[in-house]
Amino acid sequence: MLLLEPGRAGPAWQALAQDLPRPRAILAVSAHWNTLSPAVSAAALPETIHDFYGFPQPLYELAYPAPGAPELAAEVAELVPGIHIDRERGLDHGAWSPLRAMYPAADIPVIQLAVMPQASAADHFRLGQLLQPLTPHGVLILASGGLTHNLRDMVADAADGEALPYVGEFRDWFVHALEQHDLPALLDYRRQAPHAARAHPSPEHLLPLYVALGAAGEKAAVRTAHRDSQLGALALDAFVFGAEPAAA
């Protein structure tokens, strides 16, 4: 719904794109592509996948006709031995929703990387480490998920920015661990973070972050690009790893 009612998140995504160096290609790690083992998409002309139900019709009429990047998929395959290459999959809303706000011209090639909900945070961090050689060569690794994501806890009449207490406690713990580069704690968040199981009843919306963190490097600079909440239970924080804002 942020594409129809952007609130504060839409302008924040736009500002983030303006601050980042323009990428030659984008590898979007989406919470909405779940596999058992590593997978990357390689469609030359990825379709816009409307993988959601019960929303207003205008959302289903949106498209994001960005070109694909089969050559980037081949680079990923060289770095991640045995990864499955899906030559048919398009872009799901975990990828095209933020990208439509960040790069509305849809002129930057995009492919997707799946997450594996049955694998650990450490597995995704190591996957990101394998992808690290891409980042100095103009590839933006976009991790799309949510710092908290419990749909059962959503509060329909919550004001924008208002968060349930446990959401704030989980967020504060996680952001502190990121800023302190406390990798052992981050990889063990399920046991160490307050309310981890409630903040993420299933892990797929947090796992993309670990891929980006691994790709940036353990000691990469971390900055909070956006901090917000919607519907009480959804923390919309955005982070940038290992990149400084572009010069004005």
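In what follows, the structure referred to is the one given above.
Here's what I pulled together on the structure shown here. (Residues numbered from 1 in each chain as written. Predicted model: local features only at pLDDT ≥ 70, side-chain atom pairs only at ≥ 80, totals over all residues. Heavy atoms only, no water.)

Some words on the packing of helix α5 (residues 121–131) against helix α10 (residues 207–216)
For the pair α5 and α10, interaxial distance at closest approach is 6 Å and the crossing angle is 40 degrees. On the basis of their axis angle, the class for α5 and α10 is oblique. Crossing of α5 against α10: the hand is right-handed. Counted together, Ala121, His124, Phe125, Leu127, Gly128, Gln129 and Leu131 of α5 and Leu207, Tyr210, Val211, Leu213, Gly214 and Ala215 of α10 form the full contact between these two elements. Partitioned by chemical class, the residues of the contact of α5 with α10 number 9 nonpolar, 4 polar and no charged. (Axes fitted to C-alpha atoms, helices over the stretch in contact; angles between N-to-C directions. Helix = DSSP H or I, 4+ residues; strand = E, 2+ residues; numbered from the N terminus. Parallel < 35°, antiparallel > 145°, perpendicular 65-115°, else oblique. Left-handed = near helix turned anticlockwise from the far one by under 90°. Contact = heavy atoms within 4.5 Å. Nonpolar A, V, L, I, M, F, W, Y, C, P; charged D, E, K, R; others polar.)

Description of a nonpolar patch on the surface
Together, Met1, Leu4 and Phe55 line one region of the surface with nonpolar side chains, adding up to about 240 Å² of accessible area. Following the sequence through the fold, Leu4 ends up in the segment before α1 (9–19). (Patch = residues over 30% accessible without salt bridge, like charges linked within 9 Å, V, L, I, M, F, W, Y side chains within 5 Å. Areas by Shrake-Rupley, 256 points an atom, 1.4 Å probe, with all protein chains shown as cover. Salt bridge = Lys/Arg side-chain N within 4 Å of Asp/Glu carboxyl O.)

Looking at the nonpolar core
By size, the foremost hydrophobic cluster in this structure holds 27 residues, and its most contacted members are Leu147, Phe170, Phe174, Leu178 and Tyr189. The set of elements that each furnish at least two residues to this core consists of α5, α6 (165–179), α7 (183–187), α9 (196–199), α10 and β9 (238–241). Per-element accounting of this core gives the leading share, 8 residues, to α6. Each residue touching Phe170, except ones within four places of it in the same chain, is listed here: Leu147, Thr148, Tyr189, Ala193, Pro194, His195, Ala196, Ala199, His200 and Leu206. In terms of nonpolar packing, the next biggest core, distinct from the first, is built from 26 residues, Leu20, Ile26, Phe52 and Tyr103 among them. (Core = buried A, V, L, I, M, F, W, Y, C linked by side-chain atoms within 4.5 Å. Buried < 20%, exposed > 50% of the residue type's maximum accessible area, 1.4 Å probe, protein only.)

So, the pattern of salt bridges
Enumeration according to the criterion identifies 9 salt bridges in this entry. Two residues, Asp123 and Arg126, come together in a salt bridge whose shortest N-O distance is 2.6 Å. Taken together, the residues Asp123 and Arg126, both in helix α5 and 3 residues apart, mark about one turn of the helix. Residue Asp123 is classed as partly exposed on the basis of its relative accessible area, which comes to 29%. Residue Arg227 pairs with Asp172 through a salt bridge whose shortest N-O separation is 3.4 Å.

Details of α6
Each full turn of the α-helix corresponds to 3.6 residues, which orients residues three or four apart in the same direction. The end-to-end C-alpha separation of α6 is 21 Å, in line with the 21 Å expected for 15 residues at 1.5 Å each. Taken together, the buried positions of α6 are Tyr166, Val167, Gly168, Phe170, Arg171, Trp173, Phe174, Val175, Ala177 and Leu178. Count one or two residues on from α6 and you reach His181, which has phi positive near 55 degrees. (Expected span 1.5 Å × (residues − 1).)

Overview of the pairing of β9
Every second residue of β9 is oriented toward a common face, with Ala238 and Val240 on one face and Phe239 and Phe241 on the other, all of them buried. Pairing analysis gives 4 bridges linking strand β6 (residues 222–226) to β9, with the strands arranged antiparallel. Looking at the pairing, Thr224 lines up with Phe239 of β9. (Pairing = 2+ DSSP bridges.)

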